[in-house]
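# Breakdown of the fold
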Amino acid sequence: MSSPQDPAGSSRNQNPQRENPRSEAAKASLLKTHNLFRAFIVAVLGAFFVFQLDVNYLWLAAILTAAGVVFGVVLLVRAVRLRESRLVLFGTISGLVVSAVMVLMIAVSAAFFNQIRDYQQCARHALTEQAASVCRTELEKSMPAQLR
């Protein structure tokens, strides 16, 4: 009787060390990269959703965005240097693009903090489309003339 063979025709090796050729250091490095990637995704998505809440939470969105940028740069360096998976590299680049947009949005929101805060308070109490239109008009009037 012959030994069991896989579809390719070669006999299976029963040595568990041969089936998983990665060393313990490589596994630890991959685990660290994946944990950094998870923290990066949480920071980027957290910054995006906190920014949507209210302008009063701008400080928290800025902190999460800064953490996302730091995690992203560290991940980008690790992914290129250690040749990690392409999914991590693609996700990191995409997240860094989102973080760059968030930096711009946070900067503009910080520059016009009072106007945006007043608009949000007005829009929160606007029950009709006409009242919301009044809020937008007030926001436009409160902006500098160069931006109208």
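These lines cover the structure that appears in this document, whether it is placed above or below. (Residues numbered from 1 in each chain as written. Predicted model: local features only at pLDDT ≥ 70, side-chain atom pairs only at ≥ 80, totals over all residues. Heavy atoms only, no water.)

## Focus on the packing of helix H5 (residues 113-125) against helix H6 (residues 129-142)
What counts here: In this description, a line fitted to the C-alpha atoms serves as the axis of each element, helices being fitted only across the stretch in contact, and the angle between N-to-C directions of two axes falls anywhere from 0 to 180 degrees. Labels follow the DSSP assignment, with helices taken as runs of H or I lasting at least four residues and strands as runs of E lasting at least two, numbered in each case from the N terminus. Throughout this description, any angle smaller than 35 degrees is read as roughly parallel, any larger than 145 degrees as roughly antiparallel, any in the 65 to 115 degree range as roughly perpendicular, and the remainder as oblique. Note on contacts: a residue pair qualifies if any of its non-hydrogen atoms lie within 4.5 Å across the two residues.
Two numbers describe how H5 lies on H6: the axes approach to 9 Å, and their chain directions differ by 170 degrees. Between H5 and H6, the interaxial angle falls into the category roughly antiparallel. Every residue of H6 that contacts H5 at Gln115, Tyr119, Cys122 and Ala123 is listed here: Cys135, Arg136, Glu138, Leu139 and Ser142.

## Notes on the side chain of serine 109
Position of serine 109 relative to the elements: it lies in helix H4 (residues 86-111). Look past the residues within four positions of serine 109 in its chain and what remains in contact with it is Phe51, Leu58 and Ile116.

## Regarding H4
Residues spaced three or four apart along an α-helix face the same direction, because each turn holds 3.6 residues. The criterion, for reference: A helix is expected to reach a length of 1.5 Å times the quantity of its residues less one. Three labels apply to residues, based on accessible area from a 1.4 Å probe with only protein chains included: buried if under 20% of the type maximum, exposed if over 50%, partly exposed otherwise in between.
Here H4 is 26 residues long and its end C-alpha atoms lie 38 Å apart, about the 38 Å a rise of 1.5 Å per residue gives. Those residues of H4 not exposed but buried are Val88, Gly91, Thr92, Gly95, Leu96, Ser99, Met102, Ile106 and Ser109. Contacts from the buried residues of H4 go to helix H2 (24-53), helix H3 (58-81) and H5.

## Considering the packing of H2 against H3
Threshold: Helix crossings are classified by the rotation of the near helix relative to the far one: an anticlockwise turn of less than a right angle makes the crossing left-handed, while a clockwise turn makes it right-handed. All amino acids are sorted into three groups, where Ala, Val, Leu, Ile, Met, Phe, Trp, Tyr, Cys and Pro are nonpolar, Asp, Glu, Lys and Arg are charged, and the leftover types, Gly among them, are polar.
Direction vectors running N to C along H2 and H3 enclose 150 degrees, while the axes themselves pass 8 Å from each other. One element, H2, and the other, H3, form an angle in the roughly antiparallel class. When you trace H2 past H3, the crossing you get is left-handed. Its residues assigned to classes, the contact of H2 with H3 comprises 17 nonpolar, six polar and two charged.

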